[in-house]
Amino acid sequence: MISFDPITLAVVSALLNCAMAFLLLHAWSRSKTYPGFGLWVAGSVCWAVGSVMSVVRPEFLPISVIILGGNTLNMMHVMLYYEGFRRYYQLPHAWWGAPLNIGIFTVEFLFRSYFYFVDDSFALRSALNSCMLAILFTRVMIEPLFFSRSRPRVFPIQIVWSTSVIPVVFLLIVRSLWYMTDGFIDDVNLTMDPVLPYLLLFGLIAQFGQIYTFLSLTNARIVEDLISSKELFKSLTESAPNVIWQIDLDRKITYSTPACKKILGYEHKDVLHCYVTDFIAKAVHDDFFYRLKKYFEHNETDVKARPFNAEYPLICKDGSLLWCEAMVNVLKDQRSIVHGYIFILWDISQRKQEEARLNVQLEEESRLRQEQEHFLDMISHEYRTPLAIIQSSVDVFRRKNVVRETGLKDNLDRIQRATERLLDVFETTHRRKGTQNRLLQPVFVEIDAAAFFLKIHKAAVALWGERFTVGNHLSPGCILYADEYLLRTIVLNLLENAVKYSPADQPVALQLRRCNSLLEVMIVNTANGPLPDDLGELFKKYRRGANSSGISGTGMGLHLVKHGVHQCGGAVELSADAECKVMAKVTFPLLNR
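Computed from a prediction, not measured in an experiment: that's the story for all the values here. (Residues numbered from 1 in each chain as written. Predicted model: local features only at pLDDT ≥ 70, side-chain atom pairs only at ≥ 80, totals over all residues. Heavy atoms only, no water.)

(A) Broad picture of the overall build of the chain. What the chain contains, in helices and strands, is 16 helices and 12 strands. Surface exposure of the chain reaches about 33,200 Å², of which carbon and sulfur atoms provide 60%. (Helix = DSSP H or I, 4+ residues; strand = E, 2+ residues; numbered from the N terminus. Areas by Shrake-Rupley, 256 points an atom, 1.4 Å probe, with all protein chains shown as cover.)

Structure, rendered in structure tokens:
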């Protein structure tokens, strides 16, 4: 027989397996790998350690460690390879897969331990070990060939692996038969010492096949995924409703989706190798080119590139302009080096038309608002003259002793206060028009509730006489945060309604109380006629009750009251009982201090 140095072969085998494990780990860390890759790495390490342990002399390690440990690692090496192939080919879990391998390993380990510790039989131990290893190697050699037939790209690679294992399997089978038949081949010694060099040598052949197979399978899987990704990308882009352009570093279009013909009218070949700025309307060409240039210059050095959006009219094939929105993003490789750009364009012409119509409506609203302000200015100006005449007439009557002779003092006082109220309304409106964007925009200030409603009571008495009873249950420090003018108008309107729609001999009650963080204002009067079933309808514009016949009004008072209450952050409601007692209840939030 040819003589080989087993120690040298074991060292070479160990170094080769370590190198293979290092190569696999390097590929694992630098590129995309797949299920089973880590198991191949672990199997290579097991074979490297097991190969070294099989040639260690008993004086360095106990013979039990060499026999049990080395053989165990060699069998785990094959089992890990098998499991790696199973995961790589995405095979389902079955009883004949990993569970069968574990069963074979368990049986071999138990019998090996028995024939060493209990019945020390080297022949049976060696025969069983060779037989089980042969079975495991045969499974790894044959089964992936059948599994890989469904993937033609990796079938030739798998043949290399299976072929490289044949010498090892053949030697193990022959050695197992030799032991079980008590040396059926004459003049041939297949004990461990003369066979070990051949096992290690054939193992080296298998290891070269493994290195080629593992790395080639990974590359084949990457190629398959790239082809699959390419087909998926093609399917997505061809069905995408938006135009997608790929731009190189020279700002030229290198790819265009079919949607370009639908949106802009250009065929794929019409836009290839054209500058992207050739399709921008000349009126905005300089602005777009400047922004694009700044974006390109910034993102060629910026690691965290962010897309930017721009809206510009693009030139269609027929020469017309179409408003489009473009989202631009950079394409970078794994080293963050820019190698191109992606433009995604979509039609926004309909949105632009809607925006144009909206702008027209906004301009019309602005014009109407200006006319409204002009109308209010005119009304204010025109009302001032008759109001001034009324006030001056009241003064004349006072000076000529007409008041004493006719007893009209109370009436003249009411006329005076009514005209002052009208002037106050116009003055407040004019002042706010000059300081606010909207005429009815409330101006919130802090208001002492007790003092404010005392003034309201005095104003009501001056306008409508001594008809009011006040129930003030407010504690000191109740502060409202509201528009004082708006609040005054709300309460006076409600008091005026209570006076107008109740009998002249019936009082009107004004009640104030605090409920937690709310101020409740209740105005109660006796109705002078039938009431509607749904009192909430009276808050609608131009709605008046059945008891309003013969009483002047437009049905706007309560509508304005509700609008003003909501502006102040409050709520208002109407209710009535069986005795025709009507209560208007308004709640306002108090300022927490």
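(B) Quick peek at the side chain of Thr 257. Among the secondary structure elements, Thr 257 is positioned in the loop between strand 2 (253–256) and helix 8 (259–263). Contacts of Thr 257, omitting those with residues within four sequence positions, involve Thr 237, Asn 242, Val 243 and Ile 244. (Contact = heavy atoms within 4.5 Å.)

(C) Looking closely at the sheet that holds strand 11 (residues 571–576). The sheet built from 5 strands is open, its strands ordered 7-9-10-12-11 with mixed pairing. Of all strands in the sheet, those with a lone pairing partner are strand 7 (468–473) and strand 11, marking the two edges. Here the average twist between neighbouring strands, direction ignored, is 15 degrees. Its contacts with the sheet put helix 14 (residues 449–464) on strand 7, strand 9 (508–515) and strand 10 (518–526), and the angle it makes with strand 7 is roughly 175 degrees. (Pairing = 2+ DSSP bridges. Axes fitted to C-alpha atoms, helices over the stretch in contact; angles between N-to-C directions.)

(D) Main features of the pattern of salt bridges. For the coordinates displayed, the defined rule picks out 12 salt bridges. Lys 261 is the salt-bridge partner of Glu 267, the closest N and O atoms lying 3.1 Å from each other. In this structure, Arg 367 and Glu 364 form a salt bridge, with 2.2 Å as the shortest nitrogen-oxygen distance. Of this pair, Arg 367 and Glu 364 are both found in helix 11 (residues 349–399), 3 residues apart, which corresponds to roughly one turn of the helix. Overall, Glu 364 belongs to the partly exposed group, its relative accessible area being 34%. If you follow the salt bridges from partner to partner, you end up with Glu 311, Glu 325, Arg 351, Lys 352 and Glu 355 in one network. (Salt bridge = Lys/Arg side-chain N within 4 Å of Asp/Glu carboxyl O. Buried < 20%, exposed > 50% of the residue type's maximum accessible area, 1.4 Å probe, protein only.)

(E) Structural detail: the pairing of strand 5 (residues 338–347). Here strand 1 (residues 243–247) pairs with strand 5 via 5 bridges, running antiparallel. In the sheet register, Ile 247 faces strand 5, and the bridge partner there is Tyr 341. Pairing between strand 4 (residues 321–332) and strand 5: 9 bridges, direction antiparallel. When the sheet's bridge partners are listed, Glu 325 is paired in strand 5 with Trp 346.

(F) Inspection of unusual backbone geometry at higher detail. Although it is not a glycine, Arg 251 sits at a positive phi angle of roughly 70 degrees. Tracing the sequence through the fold places Arg 251 in the loop between strand 1 and strand 2. Overall, the relative accessible area of 22% leaves Arg 251 in the partly exposed class. Positive phi is not limited to glycine here, since Asn 516 has a value of about 60 degrees. Structurally, Asn 516 can be placed in the loop between strand 9 and strand 10. We classify Asn 516 as exposed; its relative accessible area is 68%.

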